[in-house]
Structures are given as C-alpha cells and as structure tokens.
Amino acid sequence: MKIKQIILLLTVSLLTLESCKKALDMAPDGKVTMDEIFSDNDKTAAFLNSCYNNMPAKGTRYFFWSRGPVVWSDDAWDTDAEAESWIMAGRMYNGDASAGSHPITNISTDAGNGDYWARYWSAIRNCTIFISRIDEAAVKNEADRSRWKAEAHLLRAYYYAELLKWFGPVLPVSREPFEFSDDFSSLEKASYYDVAKFIMEDCDVAINTAELPWRITTNGEAGRVNKAMAEAIKSKMILFAASPLNNGGANYWQEAYEVNKASLQNLRSNGYELYNKVNLPQTYLSDVAFIGPDKNEKSALYNEYFTQNMAYTANPVDKETIYQSRDGQGNIWNIDGIGAQDGYKSGTCPSQELVDSYETIDGKPVLNLENPYLDEKHLQPNYNTDNALYDPNNPYENRDPRFYASIYYNGSKRKCFWNFSESPESPENYPAGIGNRTRVIATYVGEPQTGIDGTVRKATRTGYFERKFLHPNSGGDNPVGGANWKLFRLGEVILNFAEAAAEADQLTEAADAVNEIRRRAGMPDLPAGLSKDELIRRVRNERRVELAMEENRYFDIRRWTEPGGDLSKTDKWITAMEIKRNNDGSYTYGRRTVRDSERKCYTNKFLWVPMPLAEANRLLSITGENWQNAGW
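Residues numbered from 1 in each chain as written. Predicted model: local features only at pLDDT ≥ 70, side-chain atom pairs only at ≥ 80, totals over all residues. Heavy atoms only, no water.

**Observations regarding the overall build of the chain**
Scanning the chain from N- to C-terminus turns up 22 helices and 10 strands. Residue pairs in contact within the chain that sit at least 24 positions apart in sequence constitute 71% of those at least 6 positions apart. As presented, the chain carries roughly 22800 Å² of accessible surface, and 46% of it is formed by carbon and sulfur atoms. (Helix = DSSP H or I, 4+ residues; strand = E, 2+ residues; numbered from the N terminus. Contact = heavy atoms within 4.5 Å. Areas by Shrake-Rupley, 256 points an atom, 1.4 Å probe, with all protein chains shown as cover.)

**Focus: the pattern of salt bridges**
Scanning all chains against the criterion turns up 52 salt bridges. The residue R67 makes a salt bridge to E466 at a minimum N-O spacing of 3.1 Å. Placement of the pair is R67 in the loop between α4 (41–50) and α5 (69–72) and E466 in strand β7 (residues 465–466), with a sequence separation of 399 residues. Here R67 and E466 have matching classes, each one buried. (Salt bridge = Lys/Arg side-chain N within 4 Å of Asp/Glu carboxyl O. Buried < 20%, exposed > 50% of the residue type's maximum accessible area, 1.4 Å probe, protein only.)

**Examining the packing of aromatic side chains**
The final tally for this structure, using the stated rule, is 42 aromatic pairs. Measuring from ring centre to ring centre gives 5.8 Å for F63 and F64, while their planes differ by 45 degrees; the resulting arrangement is tilted. Each member of the aromatic cluster is reached from another via a ring pair, and the members are Y62, W72, Y116, Y120, Y158, Y159, W166, F488, Y554 and F555. Across from the ring centre of F306, 4.4 Å away, lies the NZ or CZ of K468, which sits over that ring. The side chain of K486 reaches across the aromatic face of Y305, ending 4.5 Å from its centre. (Phe/Tyr/Trp six-rings, centres within 6.5 Å; stacked < 30°, edge-to-face > 60°. Lys NZ or Arg CZ within 6 Å of the ring centre and 35° of its normal.)

**What about unusual backbone geometry?**
Of note in this structure, M549 is not a glycine but carries a positive phi near 60 degrees. Relative to the helices and strands, M549 resides in the loop between α20 (532–546) and α21 (552–559). Located in the positive-phi region is E551, a residue other than glycine, with phi close to 85 degrees.

**Section: helix α14 (residues 297–306)**
Most of α14 is tucked away, with 8 of its 10 residues classed as buried. Residues S299, A300, L301, Y302, N303, E304, Y305 and F306 constitute the buried set of α14. Its side-chain oxygen 2.7 Å from the backbone nitrogen of K298, N296 forms the N-cap of α14. (Polar contact = N/O pair within 3.5 Å; in protein donor to acceptor, adjacent residues only side chain to side chain.)

**What to know about the packing of helix α9 (residues 142–167) against helix α10 (residues 192–207)**
In contact at an axis separation of 7 Å, α9 and α10 are set at 155 degrees when each is read in the N-to-C sense. Taken together, the axis directions place α9 and α10 in an arrangement best described as roughly antiparallel. Of the two elements, α9 crosses α10, and the hand of that crossing is left-handed. On α10, the residues that touch A150, H153, L154, R156, A157, Y160, A161 and L164 of α9 are Y192, V195, A196, F198, I199, D202, C203, V205 and A206. (Axes fitted to C-alpha atoms, helices over the stretch in contact; angles between N-to-C directions. Parallel < 35°, antiparallel > 145°, perpendicular 65-115°, else oblique. Left-handed = near helix turned anticlockwise from the far one by under 90°.)

**Some points on the environment of R537**
Counting through the fold element by element, R537 comes out in helix α20. Residue classification places R537 among the partly exposed residues on the basis of a relative accessible area of 26%. Once the C-alpha coordinates of R537 and A502 are considered, the two residues, 35 residues apart in sequence, prove to be 9.9 Å apart. Ignoring sequence-local partners within four residues, the contact set of R537 consists of L369 and E370.

**Here's the deal with the side chain of R467**
Mapped onto the fold, R467 is located in the loop between β7 and β8 (486–489). One buried charged residue, R467, remains without a salt bridge, the closest side chain of opposite sign being E466 at 11 Å. Only 3.4 Å separates the side chain of R467 from the side chain of Y408, close enough to count as a polar contact. (Lys, Arg positive; Asp, Glu negative; His and termini not counted.)

**Here's the deal with the confidence of the model for the chain**
Scored by pLDDT, the chain comes out at a mean of 89, with 89% of its residues at no less than 70. Across residues 419–425, where pLDDT falls below 50, the model places 19 contacts with residues more than four positions away in sequence or in other chains. (pLDDT = per-residue confidence, 0-100.)

**Examining the pairing of strand β9 (residues 575–581)**
Along a regular strand, successive side chains alternate from one face of the sheet to the other. Here 7 bridges tie β9 to strand β10 (residues 587–593), and the two strands are oriented antiparallel to one another. Following the sheet pairing, M577 is matched in β10 by R591. (Pairing = 2+ DSSP bridges.)

**Let's talk about the nonpolar core**
Judged by nonpolar contacts, the single largest core of 171 residues is most densely connected at W72, W166, I199, M229, I233 and I322. Ranked by residue count, the leading element in this core is α9, at 14 residues. (Core = buried A, V, L, I, M, F, W, Y, C linked by side-chain atoms within 4.5 Å.)

**So, the packing of helix α8 (residues 116–133) against α9**
Closest axis-to-axis distance for the α8/α9 pair is 9 Å, and the angle between their directions is 155 degrees. Taken together, the axes of α8 and α9 are roughly antiparallel relative to one another. The element α8 and its partner α9 pack so that their crossing is left-handed. Residue-level contacts link Y116, W117, Y120, W121, A123, I124, C127, T128, F130 and I131 of α8 to W148, K149, A152, H153, L155, R156, Y159, Y160, E162, L163, W166 and F167 of α9. When the residues that make up the contact of α8 with α9 are grouped by side-chain class, the tally is 17 nonpolar, 2 polar and 3 charged. (Nonpolar A, V, L, I, M, F, W, Y, C, P; charged D, E, K, R; others polar.)

**Some points on the environment of M611**
Mapped onto the secondary structure, M611 falls in the loop between β10 and α22 (613–623). For M611, a relative accessible area of 0% gives the class buried. Residues M611 and W166, 445 residues apart in the sequence, show an inter-C-alpha distance of 9.5 Å. Discounting chain neighbours no more than four positions away, the residues touching M611 are A99, W117, F167, V170, A616, L619, W627, Q628 and N629.

**Looking at the environment of Y587**
Among the secondary structure elements, Y587 is positioned in strand β10. Classification of Y587 as partly exposed rests on a relative accessible area of 27%. Once the C-alpha coordinates of Y587 and N394 are considered, the two residues, 193 residues apart in sequence, prove to be 8.6 Å apart. If we skip the residues at most four places from it in the chain, Y587 touches N410, Y444, I579, K580, R581 and N582.

If you want it as structure tokens, here you go:
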C-alpha cells in the first residue's frame with residue numbers, strides 16, 4: 001500500500017485525474033515543480049520545513065482558547081460549555097457530534113489544533129515525498145542529507161502517532177509515494193499494532209542516524225526534532241498498542257516493557273533527567289508564590305517546571321523536557337486560570353474527581369481506587385478506610401504537594417497582580433490596590449467574583465481554578481504568558497515504563513519507577529507487597545496526578561477501556577465541590593454535579609473520533625469496505 005493512495009482520497013476528490021497529477025507534482029506552494037525543489041539545496045531544506053508546518057501547539061491553543069482533551073475528559077470542566085455551547089466543549093458535553101460535523105475535528109484551526117485528518121495526512125504526504133527524494137537531491141553537505149532524512153522519518157512518525165491516537169486503526173501503512181496507476185481498490189486498513197510498529201520503525205531510523213542530535217542546543221534550531229523525541233514516541237505508541245482498547249486480544253505487554261526499558265535507559269544515558277531543583281526561589285518560594293499552605297518546596301518545584309520554557313543549550317536547567325511546542329500559549333492568566341475581575345474567563349476548571357485523586361501526604365489514597373464512588377453521579381465517595389489523615393470537613397489539608405502546585409482551591413493564597421477594588425461583601429478576600437497585597441482565593445457559593453457559578457465566565461464551575469500552568473507573577477497588570485507546551489517529557493516516559501512493567505509482571509521495577517516520580521514530588525514510596533492489580537491501580541492513579549491536565553487523561557481512560565465498553569464510570573458525570581460559608585467563617589463542604597444533566601460524550605462511539613464522513617464514504621465506494629469507526 002502506498003501513502004499517496006490515501007492522500008488522493010483525502011484531498012483531490014473533486015479534481016480530474018490529470019489535474020491531480022499536475023498538482024501532486026508541484027511543491028506545496030504550487031509554483032515550482034518537485035524536480036526544481038530537489039535540485040536545489042536551499043529549496044530542499046525549505047521543503048523539509050513544510051513538514052513541520054502542521055505540528056500542533058496544543059495546550060490552550062484549541063479553538064476559542066480551550067485546553068481541548070483536558071476538558072473533554074474527567075479532569076476538568078470548560079467554562080465555555082454553557083456560555084458558548086456551540087463550540088467544542090459544549091458540543092461534546094451535549095453529544096452534538098457526527099462524522100459530518102464533529103467538535104474535535106470540524107473546527108477553526110488555531111496553531112495546528114483541529115482538522116487533524118486532512119492536515120496530518122498532508123504532512124505525512126510531504127514527509128514521504130521528502131524521504132523518497134532526499135537520497136538523490138542536490139544537497140551540499142552529506143551530514144545535512146542524513147539529518148534531514150532522519151527528521152522527515154521522525155516527523156512522519158509523529159503525525160502517524162497523532163492520527164492513531166485520535167482515530168484508531170483506520171489507517172494504511174505505507175512507505176513510498178503512490179503512482180496514479182496503482183489500484184486504489186486494494187487499499188487495506190492496518191491493525192493498531194501494525195501501525196504502531198511502523199511508527200516505531202520510523203523512530204528507529206531517526207535514532208540510528210548519527211547526525212541527528214539527542215538535544216537541540218541552539219536557539220537557531222529551536223523546534224527541530226531530536227532523537228529523544230523518537231524514544232518518547234516509541235515509548236508511548238507501544239504502550240498504547242498493548243492497552244485493552246487497542247491490542248486486538250493479543251498480549252504485547254512484554255514487548256512494551258522491553259521497548260520502554262530501552263527507551264528510558266537511552267534517554268538517561270543521553271542526559272535526560274527529572275527536573276529536581278527550584279532554580280528561581282525568589283519567584284517560586286517567595287511571598288509572591290504562596291504555593292501550598294507552607295510554601296512547600298516540592299510544590300514550588302512542580303509549578304516552576306510547568307511555567308518556564310526549556311532553553312536550547314548544551315546544558316539546560318530543564319533536562320526533563322524532550323520536546324516543547326514551537327508556538328507560545330498566550331496570556332493564559334486572562335483566559336485559563338483564576339478569572340480575575342478584569343479577566344475574560346476561567347477556562348479550565350479542575351473537577352472534584354481530579355482533586356479526589358491526590359493522596360494525602362502520608363502516601364495513602366483518599367478514595368478506594370478499585371471502586372472510588374458508590375453511586376453513578378460520584379456524589380457518594382467511597383473513602384479509603386486505611387486513610388486516617390483525610391478529613392472531609394477540611395479536605396485541602398495534608399495533600400500531595402502537586403495538588404497545591406496544580407489547583408487553586410477555597411482558601412488558597414496568591415499575590416495580587418490584578419487591578420480590582422475591595423469587595424464590600426468579602427473585603428478580606430479582595431484587598432484594594434495593585435500588586436502589593438495577598439489575595440485569598442474564595443470559591444464558596446455566593447462569593448461575588450470567583451465563587452462557584454454556572455453562568456459567569458470568570459467564576460469557577462467546579463469550586464476550583466487551574467494553577468499548574470499559571471506563572472505566580474502573572475495577572476492583568478503583569479501579563480506573563482504561558483510557557484510553551486511540553487509535548488514530551490521524561491516524567492511521562494518513566495510512567496509509561498512503570499505501567500508496562502507492572503502489566504508484564506515486573507512489579508519491583510514498576511514500583512521503583514513510580515517511586516522516582518513520587519520522591520521528586522515529596523511523596524512516600526508505594527507500600528511494599530502490593531499485588532499486581534493493586535500496583536496497576538496505583539500506577540494509573542500516579543499517572544493521573546503527575547500528568548494532570550496535560551491531555552494524557554483523555555487518551556488514557558480510552559485505551560484502558562475494552563473495545564465494547566464505554567466511559568460511563570468516568571465521563572458521564574463530573575462533580576464540583578459546593579462550599580457554603582457559615583456565619584462564624586467556617587465552611588461546609590458538599591458535592592454536586594456540575595450541571596443537572598449528564599455529559600453525553602461517554603458512549604462507546606466516543607472512544608474514537610470519526611473519520612470525516614466524506615472520506616469514509618469515498619473509501620467505502622472504492623474499496624467496498626467500511627472504514628468508519630463504530631457508532632459513527
């Protein structure tokens with residue numbers, strides 16, 4: 001099978017065969033031929049640059065400044081779901097999705113987020129053309145030729161991996177550009193595992209190319225891919241291929257364990273390590289930060305990592321980030337955070353379910369991980385009877401330091417960087433002035449500016465605001481933009497390995513990997529003697545906490561689901577903490593669903609995004625096979 005077969009179906013359905021042939025013989029700008037491109041060194045380099053054009057910024061750069069997969073999972077609720085129900089989150093929650101018009105794919109594309117099917121296949125086409133021509137291209141430097149070819153292989157692997165994550169096994173595997181004489185009717189879908197292996201094959205080309213570096217060390221090459229990214233993609237894709245939704249009934253856990261172990265070792269051997277030191281204490285450990293009740297150093301460390309960019313140098317402070325987005329995240333304080341008086345919206349509101357996943361500081365889960373809720377709506381938490389430290393009447397005390405670094409809760413404190421005036425209803429929460437007072441975050445019912453509310457865009461929907469990506473000094477009078485999105489980092493690879501090791505019965509190695517993550521966070525090691533099932537539950541919970549609001553949860557809860565299953569236990573109902581302030585200043589804590597009706601994006605068909613309707617119909621007509629995902 002050849003890649004241009006599918007591209008033809010995707011991009012040129014309304015053109016004649018001859019006009020298609022002429023178009024595909026041209027460069028992307030349509031002004032010069034491919035032969036002219038690859039007979040010139042600089043034009044060849046420019047064509048490689050076109051292979052980068054469709055890389056997404058992710059983070060807040062989904063349509064209308066949304067975090068996309070974060071708020072489509074059970075990690076959070078999107079403020080705009082009601083105020084702007086016609087856009088992504090609102091449509092998802094209302095089940096307003098079809099193969100002809102889906103809120104994840106049929107949207108205005110911002111910074112590469114959205115319209116994945118067409119854009120990623122277009123990028124794959126460019127990569128494949130480049131790979132097929134680079135050996136004979138007029139390149140002045142043979143080292144450049146080798147490196148450029150490796151980059152094209154790795155970029156193709158990345159786009160394939162993204163397609164596989166979103167759409168599942170509805171892809172062909174192809175290594176060469178097609179010819180117009182090919183028989184399109186012979187096109188076949190590959191299994192999830194086969195596509196994952198093809199992705200890993202491209203990654204291995206990159207890893208085995210001496211000229212491709214392990215780390216980008218100069219600003220002039222910012223955004224170029226590296227060998228470490230290839231290892232991270234291999235780590236993730238074999239993990240996904242082994243997971244229940246994708247494995248086709250086969251057991252690939254031993255392979256996933258071996259691949260992840262090798263990838264992790266290669267990353268460590270080439271200088272990658274966890275971010276383990278607060279490098280800007282004047283910012284993150286000062287009175288400005290107020291991270292956690294006691295300015296916990298581990299909380300500060302975690303918050304610092306996610307609010308600073310990775311530097312392009314041979315010896316960076318941040319040795320954990322493998323690849324960060326090429327686009328910035330904008331002034332997220334205004335559209336995805338605390339929602340100050342002069343802010344636009346609070347955006348991502350962490351869910352009570354996410355808050356429940358943070359252990360107490362003694363390392364014990366708050367809920368019974370095997371069955372966390374006793375009712376469908378998650379209003380009756382099934383508390384862990386072994387946890388004596390958690391108090392439902394004082395729920396934010398003694399929690400994992402990452403909780404304080406990631407979430408603003410009722411009673412959090414923060415330096416004021418907003419221009420607002422004192423509130424007559426709650427002057428203790430709103431000191432007058434700019435930039436020189438401490439603000440208490442208040443989310444209780446009736447709080448006039450940031451209290452829980454179902455309609456006000458600056459308020460919280462859940463009783464919580466996102467903190468993880470918000471610089472401690474940012475605000476309306478000090479607009480510090482969000483750091484570039486960390487697409488791949490070592491912490492995730494360590495957890496990939498931990499999961500694969502646990503599933504492959506390598507329980508000691510799995511626990512050791514999880515404990516490395518926990519120690520960085522200031523949490524105790526996992527208890528010894530956990531059974532395999534217990535350890536897998538702890539690994540999955542650790543993954544949720546460490547990778548909170550980094551998009552992973554959306555894909556994780558899907559791949560952990562059996563093909564015939566659904567997301568009703570996680571995504572049907574999302575809850576909030578409803579806090580009432582008593583006359584004596586104390587608080588009463590209760591739970592409620594964010595809205596009265598359930599989210600409708602939990603059924604089986606929502607495990608995958610549908611192939612665009614026109615493409616599915618076209619493929620059915622040509623091949624006689626239904627390529628569409630089930631339910632669409």
